[in-house]
Amino acid sequence: MIENGFRPNEFAFGSVLRGCTSLEDIKFGSSAHCLALKNGSLDNHFVISSLLYMYAKCGYVETAERVFECIKDCDVGCWNTMIEGYALNGYSYEALRLVSSMNKKGMVMDHLTFISAIKGCSSLGDLNFGRQIHAMIIQSEVKLSSSVMNSLVDMYFKVGEKVSALKVFSQMHEKDVASWNTMLSEFAHNEDAMVVDLFTRMLRAGLYPNRITFSILFRFCGSLVDLSLGFQFYCLAYHLGFTDEPIVANSLFNLFSKCGKPDIANSIFTGIPRQSVTSWNEMIMGFNLNGCTMEALELFANLWKSGMKVDECTIRSILGTCTGVEHIAVGRQIHGVIIKSGFCSQNFVCSSLINAYGRFGLVEDCFIIFRGIERLDLALWEAMISSLVRGGCINQSLDLLKSLIKDGQKPDEFILGSILNGCADVAAHTQTKSVHSIVIKTGFGVDLCVASAVIDAYAKCGDIASSRIVFNQSVRYADCVLFNTMIMAYARHGLVTEAIAVLEEMKRSNLQPSHSTFVSVISMRSHLGLVEQGQNFFDTISSVYGMVPSAGIYGCLVDLFSRNGYLEKAKCVLETMPFAPWPAVWRSFLSGCRTHGKRELGEWASKQLLELVPENDAAYTLLSKIYSDEGSWEDAAKVRLAMNESEILKKRGYSWMEL
C-alpha cells in the first residue's frame, strides 16, 4: 500500500495493530508505531487505543505506560484500554489506581471501564474496592448492563462473598446465558448439587444453553464421577448440535475419562471433525488417568506424525505418562521432541522434564537440565529438590535448599514439605532439626501441611517429644490433618493412652474425623492387639459419623484381624468389602497366615496375590515360610524352586542408623 503511494489512515493502522496483537508480533507492531508517529496518526484516539492494547497484550506494559503518558487529550477509550492492559498482565493494583485517577479527573466511565475495574478487584481479592465500584455502577447509567452485573457476580464469588453474589444475581432484571453460566460455574467448582436445579431454572426462564454451559456441566459430572447425569446432558447437547464444538468435546473427554470410560472418550475424539491440540491433550490426560500408558504414547505419536504443533501442556501430559524405569527410552525421545520444538527455554516444560527424570531415578540427568537453565523460578527449584528427595539424596536436597535461599528466593510450603518427607523416610533426625529451623525462620510454621510434615518427621526419627511440642504450637489452628498426624505418631510409638487423648481433644474441638483419622486409630489398635476396640471403632464410622469406610480403612480392618489371628474374620472382610482386594491387603493377610500357621488360608491368599502381581516376591516368600514353620520342607523347596524358575529375586532387607 505504501509502495503504491497511498498514505494509511487510522483504520489501516488500527487493522495492522490488531493483526500484530493477534500474532504477538512486537517487532512489526513497533515499526507500525514509528510510521504512525511520522504520519501524525497518533493524534487519533482509535490508533492510540490499538497501540496501547498491542503493547499490553504482548506483555510490554512499561512501553504502553509511556505511550499513555504522552497522550495529550485522553478519551474514555484510551483509559479503558490502559486499565484492561494492566488487568491482562496481572497488574491489578495499577488498574485500580488508574480507575481512581480517572474518577478524580471527572471522566465519565462506561461499562468497559467497570468491567476492567472489577477484573482488577477479582485478581487482588479486594472486597472493599469492589464494593466501591459496585456503588459507582449503581449511580451510573450502566447499572442495568448484564455484562457489568455478570462481572460483579463473578467478583463477589471470587472474593468469597457468596451471599452478595446471589443477591446481585437475584436483583438482575435481565439475565442472559452468561449470567446463568457464571452461577453454574461457581456451584460446579464447589461440586454443589444445586447445579442441576440452576440449570432447570435457566431452561424454565426460556434461555437455551450454549457451548460454555455444556462445558461446565460435563466437567461438573466428571468431578462427581456421575456417568448417568453426564449421559442425560450429553443427549441434550447432541440434540442441540453442540457435541462437535471443540470446548464441549474436550469437556466430554474429561467426563468419560474421569468416569473410567476412556474407550467412549476415544470414540468421540475420533468422530469430531476438528481436533485441536487441546483435544489431543485432553485425550492423553484421560488415558493417563486410567492407566492406559500405551494408548497415551500411541496417541502422542499420531499427534507428532500429523504435523500439528504441540504445546507445553502436551509435553507435560506425555511426560506424566512415563512414570516407570521401563519408559526411560521413551522419556529421552520426548526430551528430543522438546529440543526440536524449542521448549527448552520454557521453565514450565523443564520442570516437568526434571520431574520425569527424577521418577526414573536419573538424578544426574536432572542436574544437567537444571544447570542449563538461565533463570530459575521456584517451580524448577521445587522439581530439582523433589527429585533429589525421591532419589534418597537428602543431604544434597538440603544443600540445594541453602543455595535457593542464598539466591535470594524464599522456599514455599511444597519444597519444605518435600524435604521433610524425605527426612522422615530415612529417619534423618539432624536434618529434620535443620529444616525445622528454616521453617520457623521463613514463617511457614503456621502452614498446616508443613507443620504436619514436621510432626511426622520427628515421630519417624523417634523424637516423639519434639512432635508433641510442634503439635502444641500448631493446634490453635485446629485442623483435622494435624490431629491425624499426631494420632499416627503416638500409634507408631505404641502410646495408646496419648493417642486416645488426642482423639478426645479432636472431638472437643468440634472437628469431624476424616478417613485418615480412622486409619490411624484402627492401625494403632491393630498393633496393640485391641481387636474388639478396633472393630467397635470401625462400626462407628457409619453408625455414628455417617461416613462410608474407604478402601484404606477396610485394609486396616483386614490387618487388625490378620495380625491378631482372627483370619476367618479377615477372610470374610476380603470377600464382602465393596472394593476389589489389592496386593498390599493380600500381603497383610498372608503375613497373618504365616504368623499364626494357617496353611490352607495361606495357599489361598498366595494364589490370589500371584494372580494380581505374578512377579511379586512376597507371595512366594511368605508361603515358603508357612511351609517351613510347620516342617513341610519339601513343599517349601517347591515354592523356592517355582520362584527361581520365574526368575523372581527376593528383595534384600536392610536397616540403618544415624550416627
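Residues numbered from 1 in each chain as written. Predicted model: local features only at pLDDT ≥ 70, side-chain atom pairs only at ≥ 80, totals over all residues. Heavy atoms only, no water.

(A) Molecular detail of the packing of helix H25 (residues 413-425) against helix H26 (residues 429-442). Following both chains from N to C, one finds H25 and H26 inclined at 160°, their axes separated by 9 Å at the closest point. Relative to H26, the element H25 lies roughly antiparallel. Relative to H26, the crossing made by H25 is left-handed. Along its contact with H25, which presents Leu416, Ile419, Leu420 and Cys423, the element H26 presents Gln431, Thr432, Val435, Ile438, Val439 and Thr442. For the contact of H25 with H26, the residue count by class is 7 nonpolar, 3 polar and no charged. (Axes fitted to C-alpha atoms, helices over the stretch in contact; angles between N-to-C directions. Helix = DSSP H or I, 4+ residues; strand = E, 2+ residues; numbered from the N terminus. Parallel < 35°, antiparallel > 145°, perpendicular 65-115°, else oblique. Left-handed = near helix turned anticlockwise from the far one by under 90°. Contact = heavy atoms within 4.5 Å. Nonpolar A, V, L, I, M, F, W, Y, C, P; charged D, E, K, R; others polar.)

(B) Region of the structure containing the confidence of the model for the protein chain. Overall, the predicted model of the protein chain reaches an average pLDDT of 84, with 92% of residues at or above 70. Looking over the protein chain, one finds the lowest element-wise mean pLDDT in helix H38 (residues 633-645), namely 62, and the highest in helix H13 (residues 211-224), namely 94. (pLDDT = per-residue confidence, 0-100.)

(C) Broad picture of helix H28 (residues 464-474). Within the span of H28, buried status applies to Ile464, Ser466, Ser467, Val470, Phe471 and Ser474. Along the axis of H28, the buried residues cluster in a sector spanning 155°; they form a single face. In this structure, the buried residues of H28 make contact with H26, helix H27 (448-460), helix H29 (480-492) and helix H30 (496-508). (Buried < 20%, exposed > 50% of the residue type's maximum accessible area, 1.4 Å probe, protein only. Arc of directions from axis to C-beta.)

(D) Main features of the UniProt feature "repeat: PPR" (unreviewed entry) in the protein chain. The sites that UniProt annotates as "repeat: PPR" (unreviewed entry) are residues 75-109, 145-179, 377-411 and 479-513. Summarising residues 377-411: 74% helix, 0% strand, and an end-to-end C-alpha distance of 11 Å. Secondary structure content for residues 479-513 is 74% helix and 0% strand, and the end C-alpha separation is 10 Å. (UniProt positions renumbered as here; feature names shortened; annotations may be inferred.)

(E) The packing of aromatic side chains, seen in detail. For the structure shown, the criterion picks out 22 aromatic pairs. Relative to Phe537, the ring of Phe518 has its centre 5.5 Å away and its plane inclined at 55°; by these criteria the two rings are tilted. Of the two residues, Phe518 sits in helix H31 (residues 515-528) while Phe537 sits in helix H32 (residues 531-543), which places them 19 residues apart along the sequence. Here Phe518 falls in the buried class, since its relative accessible area comes to 0%. By relative accessible area, Phe537 is classed as buried at 10%. (Phe/Tyr/Trp six-rings, centres within 6.5 Å; stacked < 30°, edge-to-face > 60°.)

(F) Expanded view of the environment of Cys423. Its location among the elements puts Cys423 in helix H25. Using a relative accessible area of 0% as the deciding quantity, one classes Cys423 as buried. The sequence separation of Cys423 and Asp456 amounts to 33 residues, and the corresponding C-alpha distance is 9.7 Å. Apart from residues no more than four positions distant in its own chain, Cys423 is found in contact with Ile394, Ala428, Gln431, Thr432, Val435 and Cys461.

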